[in-house]
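Listed below, chain by chain, are the residues.
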Amino acid sequence: MVTAARATENADDDGRTGGGTAAGGGHAVDGCETGGEAAEGGHATGGEATADGHGARREAAAGGHRAGGEATADARATGRQAAGVTSPASGPLPRQLLRSAVELYLDLHAHPELSAHEHRTADRLAARLAEHGCTVTRSVGGGHGLVGVLRNGPGPTVLLRTELDALPVTEATGLPYASTVPGVMHACGHDLHIAAVTGAVALLAASRDGWRGTVLVVGQPEEETLSGARSLLEDGRLYERFGVPDAVLAQHAAPLPAGTLAHAPAGGEPLMAGGISVEAVLHGRGGHAATPHLNLDPVLMAAATVLRLRTVVAEETVPAEQAVLTVGSVRAGERGNITPDHAELSLTIRAFTEPALDRLVAAAERAVRAEAAAFGAPRAPEFTVTARSPVLRPDPALTARVRRVHEAFLGPGRVLDLAGSAATEDFPHFAAGGVPAAYWMLGTTGAGPWRAARAGGGPVPPNHAPGFAPDVRAALPVGITALATAARQVLDPGAARDRGTAS
């Protein structure tokens, strides 16, 4: 079992010998091609530490990658044979494929779009998928959702999911390709996900003689509001129109060392919490700020409600049960000399079991209604659940298969065991009805920021932070290869097998 601490040893060596990476260092296209190109696109840049952390390059050990991302052929072959897989494309990532993926990433990062407004992003993804031979269907689900279909004869179907939307965050990375849209930023890595999936499709399209089946690429809007997946599946009738896949796959950027991947531990433990999003409206009586005795201040009501909500988790869960309730937005009024007539709260609830989610949302509603009643509100508050996502529990058997192939291409020292997170997303909807799902984390933090944080500096900016800046040079090649090799674990290798038999 490899942990994040073990990964730190490997990450620390990156950058000490050539090809080092650092978030915010420009991430030039040429730099990505020379420093980040790895065998199968998957090997992190810079020197790689030995398992004991002494910093010597690992040349021929499991995963045996040389500095600069070139793996020894013998070590690669051994790892692949052990995993029982073949490569979607031999040798390093093609220069033009990687250049194209980086250019797409830089463009998307500079032009983010909020949930339900992802028209330009969907256009860019659709165009790239069409270039690689996919038949693309737009407006699936009524929004900007899209599906690309790459067929290669009879065989299994694998679904690759990527998200399209950005966040209402003002970017503070200082990157030359920072967001050009005021107040909007790809602070969660969805731009990286899109670039990686287009690279993976390009690899698969170029190696059709090695697999059979169908690749479905789903561009999902509105992930950040936890509503896009259900819209695709229910309103867009995704599986009725395009078939039920044999497996669904996705990855997500995370503040782990760039050049690593992280999977749920064996045993089927949850990787992410389930979540519920709520909008609440508290009603007061507006008026002049000089006559508070004639008004009923909803701002004060909202403040009391927020404080009350912060006690819900402690009162409704046992100490060993993990749960989080966050009030992320309070909106009321326009001017300091006017008492508004209402206040709005946006909150999220996260837990690792469905009963816990039900219990917490019921307690939150009681708290909101009780505070309104205590203030003598003229109207009962509105309490609306706007979205709900299940607990993310990757399929153990599929995860084990995918993890083996990732270890074969990266080396076991760069495939980590990740404990469950209170983060939540709506990907589990794609696994409804028993469809096997695999989901892993893609490390994005460059060696410099990682070492600085370990040395006592500021923490690495996480997802949703204004300073979130993936090290594209190291992360993108790994993300491309991670998706492509995982897809090959589902697709039928019959074409390659038949060719070998015929010869």
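Starting from 1, residues in each chain are numbered consecutively following that chain's sequence as written. In keeping with the predicted nature of the model, local features appear solely for residues at pLDDT of at least 70, side-chain atom pairs appear and are counted solely at 80 or more, and the whole-chain, interface and lining totals rest on all residues. Side-chain calculation: all heavy atoms of the structure are included, whereas hydrogens and water are not.

It is worth spelling out the overall build of the protein at this point. Put simply, DSSP H or I for four residues or longer makes a helix, DSSP E for two residues or longer makes a strand, and each gets a number counted from the N terminus. A tally of helices and strands in the protein yields 15 helices and 14 strands. The long-range share in the protein, meaning contacts at least 24 apart out of those at least 6 apart in sequence, stands at 81%. With the model as given, the accessible surface of the protein reaches about 19,200 Å², and the carbon-plus-sulfur share is 54%. Note on contacts: a residue pair qualifies if any of its non-hydrogen atoms lie within 4.5 Å across the two residues. The accessible surface values rely on the Shrake-Rupley method and a 1.4 Å probe; as for residues, cover is taken only from the protein chains in view.

By size, the foremost hydrophobic cluster in this structure holds 65 residues, and its most contacted members are Val 158, Leu 160, Val 215, Leu 249, Trp 440, Leu 476 and Ile 480. At 11 residues, the largest contribution of residues to this core is made by helix H6 (residues 190-205). Put simply, a nonpolar core is a bunch of buried Ala, Val, Leu, Ile, Met, Phe, Trp, Tyr and Cys residues held in one set by side-chain atoms that sit within 4.5 Å of each other. Partly exposed residues are those whose accessible area sits between 20% and 50% of the maximum for their type, while under 20% is buried and over 50% is exposed, using a 1.4 Å probe and protein chains only.

So, on to the pattern of salt bridges. Any Lys or Arg side-chain nitrogen located within 4 Å of an Asp or Glu carboxyl oxygen qualifies as a salt bridge. Tallied over the full model, the rule gives 18 salt bridges. Here Arg 237 makes a salt bridge to Glu 240, at a shortest N to O gap of 3.8 Å. Classification of Arg 237 by relative accessible area gives partly exposed; the value is 39%. Residues Arg 388 and Asp 358 are paired through a salt bridge, measuring 2.8 Å at the closest nitrogen-oxygen approach. Placement of Arg 388 in strand S12 (residues 382-389) and of Asp 358 in helix H11 (residues 354-375) is noted, with a sequence separation of 30 residues between them. With relative accessibility at 38%, the residue Asp 358 sits in the partly exposed group.

Our focus in this paragraph is the sheet that holds strand S11 (residues 342-351). Should DSSP find at least two bridges between two strands, the strands are taken to pair. Strand order in the open sheet made by the 4 strands is S9-S11-S7-S12, with antiparallel pairing throughout. Two strands close off the open sheet at either side, each with one partner strand: strand S9 (323-331) and S12. Between one strand and the next, the sheet's axes are offset by a mean angle of 20°, whatever the strand orientation. Looking at chain direction, S9 and S11 are connected through 8 bridges and run antiparallel. Of the residues in S11, the one forming a bridge with Leu 325 is Ile 349. To get an axis, fit a line to the C-alpha atoms, keeping to the stretch in contact for a helix; angles then go from 0 to 180 degrees between the N-to-C directions.

On to the packing of helix H4 (residues 95-110) against helix H14 (residues 472-488), then. At a minimum axis separation of 11 Å, H4 and H14 run at an interaxial angle of 115°. For the pair H4 and H14, the crossing hand works out as right-handed. The segment H4 lies against H14, with Leu 97, Leu 98, Ala 101, Val 102 and Tyr 105 engaging Val 472, Leu 476, Pro 477 and Ile 480. Three residue categories are used. Nonpolar comprises Ala, Val, Leu, Ile, Met, Phe, Trp, Tyr, Cys and Pro, charged comprises Asp, Glu, Lys and Arg, and polar comprises the others, including Gly. Grouping the amino acids of the contact of H4 with H14 by side-chain chemistry returns 9 nonpolar, no polar and no charged. Each helix crossing is assigned a hand: it is left-handed if the near helix lies turned anticlockwise from the far helix by less than a right angle, otherwise right-handed if that turn is clockwise.

This part is about the sheet that holds strand S3 (residues 157-163). Ordered in space as S1-S2-S4-S3-S5-S14-S6-S13, the 8 strands form an open sheet in which the pairing is mixed. Single-partner strands in this sheet number two, and they are strand S1 (135-137) and strand S13 (415-417). Here the average twist between neighbouring strands, direction ignored, is 25°. One ladder, built from 3 bridges, connects S3 with strand S5 (residues 247-257); its direction is parallel. Bridging from a neighbouring strand, Leu 159 pairs with Val 248 of S5. Along the sheet face, H14 touches S3, S5, strand S6 (261-263) and strand S14 (437-445) and points at about 165° away from the line of S14.

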